[in-house]
Amino acid sequence: MFSQENRTVVVVGAQWGDEGKGKLVDVLAERADWVVRYQGGANAGHTVDLGQHSFVLHQIPSGILHEGVRCAIGNGVVLDPETLFTEIDELVSDGIDVEGRLYVSDRAHLVLPYHKILDAESSHTQSLGTTGRGIGPAYEDKIARRGIRVLDLRHPDRLRELVNAGVERANHLLASFGSSKRADGVLTCELLGRLSERLLPLAEDVGLMVHRAVKSGAAILLEGAQGSLLDVDHGTYPFVTSSNTTSGGAAIGAGIAPTTIDAVLGVVKAYTTRVGTGPLPTEMDDAMSERVRTLGNEFGATTGRPRRCGWFDAVVVRYATRINGLTDVAVTKLDVLDTLDRIAICTGYEYEGDLHTEFPGDVAALDDSEPRYEWVEGWQRSTADARRLEDLPTQARQYLDRLQELIETRITYVSVGTRRDQIIGL
């Protein structure tokens, strides 16, 4: 992906998340100077399998596993400082040196204990399938211009006022929910006082740092969380996350100009998954879903929740290509399909007697739609040891060729296992 022409590259999920972005970022970070996380929060879980050890990263960019790569958490992220330091300590205990390599935008908003209580007690949490980690309430405070940013930790008196106002609002809402739980302003301030001793030394103007890196010709990877169909504007609203997961959010969330982005890599599974409620047009029947879930270990890296499984939806990925401006696609988990004798590809939706090949904005239309499938022959051979396109079975190559034709974007990478080395660069 990186070349003289492509120095700033965005990696986005092009389905409903869990596509394997962490592995692709890890692979690409070997040639990067900077990796910047630009949105989301601790609800994300990027898994990187090094063979003998596997890392699950929630807020720290996946590039931290490469010595010498600088990593930054951008202003578009809502930062959970407690889990950040848990993550840092786990990395250090596993021999990963983060000293002088990790920066946090001082403009990033904080996820505080009362955000988590509100999220857990809200009736929307279950109905929308959220993780209950306080992400939505933190973004809500940000948009309402009452959030607390990292830079506020530098001003204890102002911080105390902001925390007390936030706690008062939260407790009023909790009472309206009929909940007996309450937030505590004193404990929250004490917590932030302890955390600020570690957090403030990491706080920087990340947008300025990345801008200077761009000007110097550095190779920069912008890492998103979740997937395009969970984008608050372009996803299956209201069953979405609270941020812009698409490539348009990368420049805003990292604090750089959109004209600096040179390429956008979309990551997709060779099939489709989704966690929680909301539309999944190509959802498999129970038996096949359970089979694929077991083969692909489809359980949330953050929550452990079982993922719903569906066939590859070319309508979804072609839509993601358009709204992200994808220049390249990486297909992950091709190996999960190795034992299947027949594989389906969705090419359109039948709705009210018509065939629709563009993704609708109204989720009600999806509820009443039936997917139109093409069925292709499976390869029923292991692809785990393939390192070149020629190593793949003929039927697997034909499957990839058909996907590339339908999504109208070139496939540049194919992953055939969880390990870092199980990847084909085309």
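Our structure is the block above this text.
Now for a quick tour of the structure. Everything quoted here is computed from the prediction, not taken from an experiment.

**Details of the sheet that holds strand β15 (residues 328-332)**
Move 1: The 10 strands are arranged β9-β7-β5-β2-β10-β1-β11-β15-β19-β20 in an open sheet whose pairing can be described as mixed. Two strands bound the open sheet, and with one partner strand each, they are β9 (203-204) and β20 (423-425).
Move 2: Contacts from helix α13 (residues 394-407) reach β15 and β19 (411-415), with the element oriented near 135° to β19.

**What about the nonpolar core?**
Move 1: Of all hydrophobic cores here, the largest spans 57 residues; its most connected members are I64, L84, L91, L110 and L199.
Move 2: Ranked by residue count, the leading element in this core is helix α6 (residues 156-177), at 5 residues.
Move 3: Excluding anything up to four places from it in sequence, I64 contacts L57, C71, L91, I96, V98 and R101.
Move 4: Grouped together as the second largest cluster of nonpolar side chains are 54 residues, L222, A270, A396 and L403 included.

**Topic: the packing of aromatic side chains**
Two aromatic rings are characterised by how far apart their centres lie and by the angle between their planes.
Move 1: Considering all chains together, one arrives at 6 aromatic pairs under this definition.
Move 2: Through pairs of rings, three or more aromatic residues link up here, namely W311, Y373 and W375.

**Observations concerning a negative patch on the surface**
Move 1: On the surface, E352, D354, D362, D367 and D368 cluster together into a negatively charged patch.
Move 2: Checked against the element boundaries, D354 lands in strand β17 (residues 354-356).

**Let's talk about the environment of N324**
Move 1: With respect to the element layout, N324 can be found in helix α11 (residues 314-324).
Move 2: Given the relative accessible area of 4%, N324 is considered buried.
Move 3: In sequence terms N324 and G248 are 76 residues apart; their C-alpha atoms lie 6.9 Å from each other.
Move 4: Ignoring any residue separated from it by four or fewer positions in sequence, one finds N324 in contact with V12, S228, T246, S247 and V264.
Move 5: For N324, the side chain forms a polar contact with the side chain of S228, separated by 2.8 Å.
Move 6: A distance of 2.9 Å separates a polar atom in the side chain of N324 from the backbone oxygen of A320.

**Considerations on the pattern of salt bridges**
Move 1: Tallied over the entire structure, the rule returns 24 salt bridges.
Move 2: Between D18 and R307 there is a salt bridge; the shortest N-O distance is 3.4 Å. Of this pair, D18 sits in the loop between β1 (8-13) and α1 (21-29) while R307 sits in the loop between α10 (286-296) and β13 (308-310), placing them 289 residues apart in sequence.
Move 3: The exposure class assigned to D18 is partly exposed, which follows from its relative accessible area of 26%.
Move 4: Judged by its relative accessible area of 7%, R307 falls in the buried class.
Move 5: The partner of R372 in a salt bridge is E350, and the shortest N-O contact between them spans 2.7 Å. Here R372, found in strand β18 (residues 370-377), pairs with E350, found in strand β16 (residues 342-351); they are 22 residues apart in sequence, far enough to count as distant.

**Brief notes about the side chain of K269**
Move 1: Its place among the elements puts K269 in strand β11 (residues 263-269).
Move 2: The exposure class assigned to K269 is buried, which follows from its relative accessible area of 0%.
Move 3: A distance of 3.0 Å separates a polar side-chain atom of K269 from the backbone oxygen of D18.

**A word on the packing of helix α3 (residues 113-121) against helix α5 (residues 135-143)**
Move 1: Remark: α3 packs on α5, axes separated minimally by 7 Å, with the N-to-C direction vectors making an angle of 120°. The angle between the axes of α3 and α5 places the two elements in the oblique class. For α3 against α5, the interelement crossing comes out right-handed. Across from Y114, H115, L118 and D119 in α3, the residues of α5 making contact are I135, G136, P137, A138 and D141.

Rules of the game
Residues numbered from 1 in each chain as written. Predicted model: local features only at pLDDT ≥ 70, side-chain atom pairs only at ≥ 80, totals over all residues. Heavy atoms only, no water. Pairing = 2+ DSSP bridges. Helix = DSSP H or I, 4+ residues; strand = E, 2+ residues; numbered from the N terminus. Contact = heavy atoms within 4.5 Å. Axes fitted to C-alpha atoms, helices over the stretch in contact; angles between N-to-C directions. Core = buried A, V, L, I, M, F, W, Y, C linked by side-chain atoms within 4.5 Å. Buried < 20%, exposed > 50% of the residue type's maximum accessible area, 1.4 Å probe, protein only. Phe/Tyr/Trp six-rings, centres within 6.5 Å; stacked < 30°, edge-to-face > 60°. Patch = residues over 30% accessible without salt bridge, like charges linked within 9 Å, V, L, I, M, F, W, Y side chains within 5 Å. Areas by Shrake-Rupley, 256 points an atom, 1.4 Å probe, with all protein chains shown as cover. Salt bridge = Lys/Arg side-chain N within 4 Å of Asp/Glu carboxyl O. Lys, Arg positive; Asp, Glu negative; His and termini not counted. Charge placed at Lys NZ, Arg CZ, Asp CG, Glu CD. Polar contact = N/O pair within 3.5 Å; in protein donor to acceptor, adjacent residues only side chain to side chain. Parallel < 35°, antiparallel > 145°, perpendicular 65-115°, else oblique. Left-handed = near helix turned anticlockwise from the far one by under 90°.

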